[in-house]
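# Coordinates in review
Below, each chain spelled out in residue letters.
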Amino acid sequence: MFETTMVQVAEQPDTRTRIVASTCELYRRQGMAGTGLKQIAQAARAPFGSIYHFFPGGKGQLTEEVIRSWGLMYGDLVAQVFDSAPDLPTAIEWAFAGAAESLAVTDYVDGCPVATVALEVASTDETLRLATADVFTDWIDLGVKRFEYTGLPQAKLRELVIGFVTSLEGAFVLCRAMRSTEPLHAAGKVVLAAAHAALAEVAEED
């Protein structure tokens, strides 16, 4: 559900698009620090010089593009899950189950490049920190907007969505380390319980 495959990359004729997509895949699997520009060029089937042609700022500029483009794409995917679910609890169940399934299918190698880069550069590169912060903020705003229909107060809804994002991202880290989907399933249950409690509170007030 949340997968981006190299087959999709191969179908893109545009060199710049291939570079960004290939970098995203490599960052998901091995992080920014573990990925070199030569490896990116090879994965994208592009001349090495084309990286600097499209990204004069080098790896930093390319990484910012990867963060922002992946953020938009992942946000769209999650939004599709949210929009297809009949209610908030179901959306949470589907999101965590889909994430667990995708991670298992990729043998626990595909993580979230945004979170990976954030952990690597949050205290050393302000430009990239801001890019990751923008993506996370957009995801939170997206979730709050999608679930306004629940009638939950804005503050409570924002708190719940932040819990959703942090639980999902944190569970990804544990799943990859433990090579098990148990953390995602456990985190999903915790967020689901919080959602049920919040919805019950609103129902009682009505």
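The structure this text deals with has already been given above.
Residues numbered from 1 in each chain as written. Predicted model: local features only at pLDDT ≥ 70, side-chain atom pairs only at ≥ 80, totals over all residues. Heavy atoms only, no water.

## Quick word on the overall build of the protein
On a plain count of helices and strands, the protein comes out with ten helices and zero strands. Expected size for 206 residues packed as a compact globule is a radius of gyration near 17 Å; at 18 Å, the protein falls within 12% of this value. Each principal axis of the C-alpha atoms in the protein carries an extent, and together these give about 65 × 30 × 30 Å. Here the protein holds 206 residues, and 47% of them are scored as buried. For the protein, long-range pairs separated by at least 24 residues make up 70% of all intrachain contacts whose partners lie at least 6 apart in sequence. On the protein, roughly 10100 Å² of surface is accessible, and the fraction owed to carbon and sulfur atoms is 57%. (Helix = DSSP H or I, 4+ residues; strand = E, 2+ residues; numbered from the N terminus. Rg over C-alpha atoms; globule rule 2.2 N^0.38 Å. Buried < 20%, exposed > 50% of the residue type's maximum accessible area, 1.4 Å probe, protein only. Contact = heavy atoms within 4.5 Å. Areas by Shrake-Rupley, 256 points an atom, 1.4 Å probe, with all protein chains shown as cover.)

## A look at the environment of Ala 33
On the secondary structure map, Ala 33 appears in the loop between α2 (15–30) and α3 (37–43). Sequence separation between Ala 33 and Cys 112 is 79 residues; the distance between their C-alpha atoms is 15 Å. With sequence-adjacent residues up to four places away left out, Ala 33 is seen in contact with Lys 59 and Glu 120.

## Some words on the pattern of salt bridges
Under the defined criterion, the tally for this structure stands at eleven salt bridges. Its salt-bridge partner being Asp 110, residue Arg 29 comes within 3.1 Å of it at the nearest N-O pair. Here Asp 110 lies in the loop between α6 (88–105) and α7 (113–121) and Arg 29 lies in helix α2, a separation of 81 residues in the sequence. Looking at Arg 29, the relative accessible area reads 42%, which means it is partly exposed. Its salt-bridge partner being Asp 141, residue Arg 158 comes within 3.8 Å of it at the nearest N-O pair. Note that Arg 158 is positioned in helix α9 (residues 154–178) and Asp 141 in helix α8 (residues 126–146), a separation of 17 residues in sequence. When its relative accessible area of 37% is taken as the criterion, Arg 158 is described as partly exposed. Given a relative accessible area of 39%, Asp 141 falls into the partly exposed group. Sharing partners across several salt bridges, the network here consists of Glu 25, Arg 28, Arg 29 and Asp 110. (Salt bridge = Lys/Arg side-chain N within 4 Å of Asp/Glu carboxyl O.)

## A few points about the side chain of Glu 169
Within the element layout of this structure, Glu 169 appears in helix α9. The side chain of Glu 169 is buried and forms no salt bridge, while Arg 176, the nearest opposite charge, is found at 8.9 Å. When sequence neighbours within four positions are dropped, the list of residues in contact with Glu 169 reads Cys 112, Ala 115, Phe 136 and Trp 139. (Lys, Arg positive; Asp, Glu negative; His and termini not counted.)

## Comments concerning the nonpolar core
Among soluble globular proteins, nonpolar side chains are generally buried collectively. In this structure, Ile 19, Leu 62, Ile 92, Phe 96, Phe 164, Leu 168 and Leu 184 are the most contacted members of the largest nonpolar core, which totals 61 residues. Contributions of two or more residues to this core are made by α2, α3, α5 (59–84), α6, α7, α8, α9 and α10 (182–205). Among the elements that line this core, the one with the most residues is α9, at nine residues. Not counting chain neighbours up to four residues away, the residues in contact with Leu 168 comprise Tyr 74, Phe 96, Ala 99 and Leu 184. (Core = buried A, V, L, I, M, F, W, Y, C linked by side-chain atoms within 4.5 Å.)

## Here we look at the state of the cysteines
Applying the stated criterion across every chain, the model contains zero disulfides. As a non-bridged cysteine, Cys 112 has Cys 24 as the owner of its nearest cysteine sulfur, 8.4 Å distant. Assessed through its relative accessible area of 5%, Cys 112 is described here as buried. Here Cys 175 is not disulfide-linked; the sulfur of Cys 112 is the nearest cysteine sulfur, at 13 Å. (Disulfide = S-S within 2.5 Å.)

## What about empty space enclosed by the protein?
As enumerated under the stated definition, the model contains three cavities of 30 Å³ or more in all. For the largest cavity, the calculated volume is near 130 Å³. In terms of lining, the largest cavity is formed by Tyr 74, Gly 75, Val 78, Phe 82, Trp 139, Leu 142, Gly 143, Val 161, Phe 164, Val 165, Leu 168 and Glu 169. For the lining of the largest cavity, the secondary structure elements donating two or more residues are α5, α8 and α9. It is α9 that provides the largest number of residues to the lining of the largest cavity, a total of five residues. Here the residues of the lining of the largest cavity are counted per class, giving nine nonpolar, two polar and one charged. (1 Å grid on protein atoms, 1.4 Å probe; cavity = no way out; pocket = protein on both sides within 12 Å on 5 of 7 lines; lining within 4 Å. Points joined across faces, edges and corners; volume = space filled by probe spheres on them. Nonpolar A, V, L, I, M, F, W, Y, C, P; charged D, E, K, R; others polar.)

Function cannot be inferred from these measures alone, as they are strictly geometric.
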